[in-house]
Amino acid sequence: MIIDIENLEKSFKEVKAVDNISFKVKEGELFSFLGVNGAGKSTTINIISGILNKDNGKISVCGYDTDSHIHKIKRNIGIVFQNSVLDKKLTVLDNLKYRAALYGITGSAFKSALDETVEMFDLKEILKRPLHKLSGGQKRRIDIARALIHKPRLLILDEPTTGLDPKTRINMWNIVEKLRKENGLTVFLTTHYMEEASESDYVVIIDSGKIVAEGSPHNLKNKFASDFIKFYNHREAAQKYFSTQGYRFKNERDFTEIELSGTEEVSKFFKEKPELFDDFEVLKGNMDNVFLKVTGKDLHGG
Amino acid sequence: MKECKKLVSLVKRNTKCYFKDKVMFFMSLITPLILLVLFVTFLKNIYTGSFTQIATEFGVAIEPRVLEGITGAWLMSSILSVSSVTVAFCSNVIMVEDKMNANINDFSVSPIKNTTLSVSYFISNFFVTFIVIMCVMLIGHIYIAAVGWYLSVGDVFLIIVDCVCGILFGTLLAGIIESFIKTQGGISAVSTLVSSMYGFICGAYMPLSQFSEGLRNVLGFLPGTYGVGIMRNHYMNAYVDEIIKTVDPSKADAMAKAIKDGFDANLYFCGNQVSLGAMYGILLGACAVLFAVYVLLVFLKDKKILAIKSKKC
């Protein structure tokens, strides 16, 4: 296990930000940590990375205890924060040089690390440009490059794609995926985008400092999300039939959507009323539904 | 050794961040220069008159170039001794900006000691303040050279040493006070307060000899006062020597004492004259005390006893 957290607790005065949570992250996996703003995600990340002290509990990162070996842990982790924490007045090169030096990477070691980074992130054109003159997407690339310049085993991404355009978001994920495949990098992700969480190996959902659900996206969807049938024909008949059975429905321009509890119910109605099913679509619930079900909150609404 | 390399890199980074912001550098530089212009425009004649009055009492006239030169030198000693402290407060902005922009979190997740980071802010602020003060000194010396230059290379060297002592004092004081500040508004407020008050309480804007005895004794407890005294000595000695050449040798010492007493090159604490060595001792002793407080603060922060939180990322 690259992260092993047991009974972690952290309070700020009366507010219990993290309330006795335990979870593990396997080496090489993409792990998603989901929750609305103020749920305790950033507090947990700050404790893992040594910015904050915990009140209680035991944390092991990369095989080291945070209480006794925080500096060894820091050498093995890279963090991309929600907002860029690099020096906007300095060039990309200066930012990378001064941050690499914090890990003891200087001289020829830096040159070699820089060459690799420039190639991986395609930075050649912007290397000598000050950060404040770059686009949002370019800045995000530099944030990730900075987090990876010392070749960490664990990359923590704290809402890394918030505010990015779709193309930049895809580019960023392509880089992260490449690193996972080629270097076995473990990624600890917090995000508001459920399609990103859907790609994870394991998901933990936290609400008011407590873990409310965890598992693989597939298992969580099976356990918590509804299935939906879209009827494109026989819309009125389907609506009448399902409403008498007590199901919720939604009329859209081209289809009527019925929410069912799961795949078994879909099979049951397919057998009972096959005449309704001549132009239809079955959709499995997504992570948004899971999140809404377990927390009662809309992730995008905060 | 590795920690030393990290320290050097952080100092370079802090200094570069400061000088990349041209407005910040310009504002630090312009404040002492405005002070110089204001002094020359509004106060020069008052001090020229005071020097002339002392000379008249001894029955001599001061040669115009010496008179203009000593007035300019006295004004420069005021500006440099005040600016060594006030510029240090204004230039420490990188430390506050790092907290404000949450850049400090990036350092917190890196394998560097808090001590290294704190020391890097102190060293880079010292460098930046030194560069600004040297620029001000250069401009001030061009002015003195234009009106009447009598300083020797040795005098200029000692003035630079005095600047270094003053900057050390100012940088440590700024490092301690501003370590509690987290906003741009906070640093602006502190800088404004220090800029407006420090010149008066250390006797730089007005000679202490013009204050009441009680106030003089109170100000005698402040180490900054002696920083000004040291600078006054090294700026004025060459001119005083030039002036007393014109007076009857039997009155030379008395005249030199009168000028130095009237313009704070001689300082008195509870009626006793403080020697130049003692002035250095007090200033450097104060630096040692401030250094101990700075180290204690860094230690407490390192142990997270005194948490100075930055803006959340």
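Per chain, the residues get numbers from 1 upward, laid out in the order the sequence is written. A letter from A marks each chain and a number from 1 marks each ligand, given out in the order of writing. Since the coordinates come from a predicted model, pLDDT governs what is reported: local features require at least 70, and pairs of side-chain atoms require 80 or more to be given and counted, while whole-chain, interface and lining totals use all residues. Side-chain figures throughout are based on the complete set of non-hydrogen atoms in the structure, without hydrogens or water.

1. Considering the overall build of chain B
Here is the rule we go by: The secondary structure listing takes helices from DSSP runs of H or I that are at least 4 residues long and strands from runs of E that are at least 2 residues long, numbered from the N terminus. The atom set for the radius of gyration is the C-alpha atoms, and the globule formula is 2.2 Å times the number of residues raised to the power 0.38. Note on exposure labels: buried denotes an accessible area under 20% of the residue type's maximum, exposed denotes more than 50%, and partly exposed covers the range between, all computed with a 1.4 Å probe on protein chains only. The contact criterion used is simple: two residues touch if any of their non-hydrogen atoms lie within 4.5 Å. Only the protein chains shown count as covering a residue, and every accessible area follows the Shrake-Rupley method with a 1.4 Å probe. Note that His is not counted, nor are the chain ends; the positive residues are Lys and Arg, and the negative ones are Asp and Glu. Where a charge lies is defined by one atom per residue type: Lys uses NZ, Arg uses CZ, Asp uses CG and Glu uses CD.
Along chain B, the regular secondary structure elements total twelve helices and two strands. When the elements of chain B are put in sequence order from the N terminus, they spell out α-α-α-α-α-α-α-α-α-α-α-β-β-α. The globule rule puts the C-alpha radius of gyration for 313 residues at 20 Å, and the 21 Å found for chain B is close to it. On the principal axes, the C-alpha backbone points of chain B span a range of 70 × 40 × 35 Å. A burial count over chain B gives 54% of its 313 residues as buried. For chain B, contacts bridging at least 24 residues in sequence account for 83% of all contacts bridging at least 6. When the accessible surface of chain B is split by element, carbon and sulfur atoms take 71% of a total near 13,300 Å². Where the 25 positive side-chain charges of chain B centre and where its 19 negative ones centre are 17 Å apart.

2. Considering the domain arrangement of chain A
Residue and element names in this part refer to chain A. What counts is decided by this rule: Where each domain starts and ends comes from a domain assignment, either automatic or drawn from a database. Buried area counts how much accessible surface, traced with a 1.4 Å probe, disappears from two parts once they are put together, with both parts' losses summed. One speaks of a salt bridge when a side-chain nitrogen belonging to Lys or Arg is within 4 Å of a carboxyl oxygen belonging to Asp or Glu. Whenever two N or O atoms come within 3.5 Å, that pair is a polar contact, provided that in protein one can donate a hydrogen and the other can accept it, and provided that, for residues adjacent in sequence, both atoms are side-chain atoms.
The assigned domain composition of chain A is domain 1 (3-215) and domain 2 (226-295). One C-alpha centre belongs to domain 1, the other to domain 2, and the line joining them spans 40 Å. Facing the ten residues of domain 1 at the interface are six residues of domain 2. With both chains or domains summed, domain 1 and domain 2 bury close to 660 Å², and 83% of this area falls on carbon and sulfur atoms. The interface formed by domain 1 and domain 2 contains zero salt bridges. Where domain 1 meets domain 2, there are zero residue pairs in polar contact (both at pLDDT 80 or more). Within the residue set of the side of domain 1 that touches domain 2, elements represented by two or more residues are helix 7 (194-198), strand 9 (202-207) and strand 10 (210-215). For the side of domain 1 that touches domain 2, the element with the highest residue contribution is strand 9, accounting for three residues.

3. Brief notes about the packing of aromatic side chains
Formally: Only centres within 6.5 Å qualify two rings of Phe, Tyr or Trp (six-membered ring in Trp) as a pair; their planes then separate them into stacked at under 30 degrees, edge-to-face at over 60, and tilted for everything else. Charge over a ring is defined by NZ of Lys or CZ of Arg lying within 6 Å of the ring centre and within 35 degrees of the ring normal.
Scanning all chains against the criterion turns up 19 aromatic pairs over all chains. Here Tyr-47 of chain B and Phe-263 of chain B contribute two aromatic rings whose centre-to-centre distance is 6.3 Å and whose plane-to-plane angle is 70°, an arrangement assigned as edge-to-face. With Tyr-47 of chain B in helix 2 (residues 22-57) and Phe-263 of chain B in the loop between helix 11 (249-262) and strand 1 (267-269), this residue pair connects regions lying 216 residues apart in the sequence. With respect to class, Tyr-47 of chain B is no different from Phe-263 of chain B; both count as buried. An aromatic cluster is built from Phe-23, Phe-31, Phe-33, Phe-188 and Tyr-202 of chain A, whose rings are joined through pairwise contacts. In this arrangement the basic side chain of Arg-169 of chain A is found over the ring face of Tyr-193 of chain A, its NZ or CZ atom lying 3.8 Å from the centre. The ring centre of Phe-255 of chain A lies 4.5 Å from the NZ or CZ of Lys-230 of chain A, which sits over that ring.

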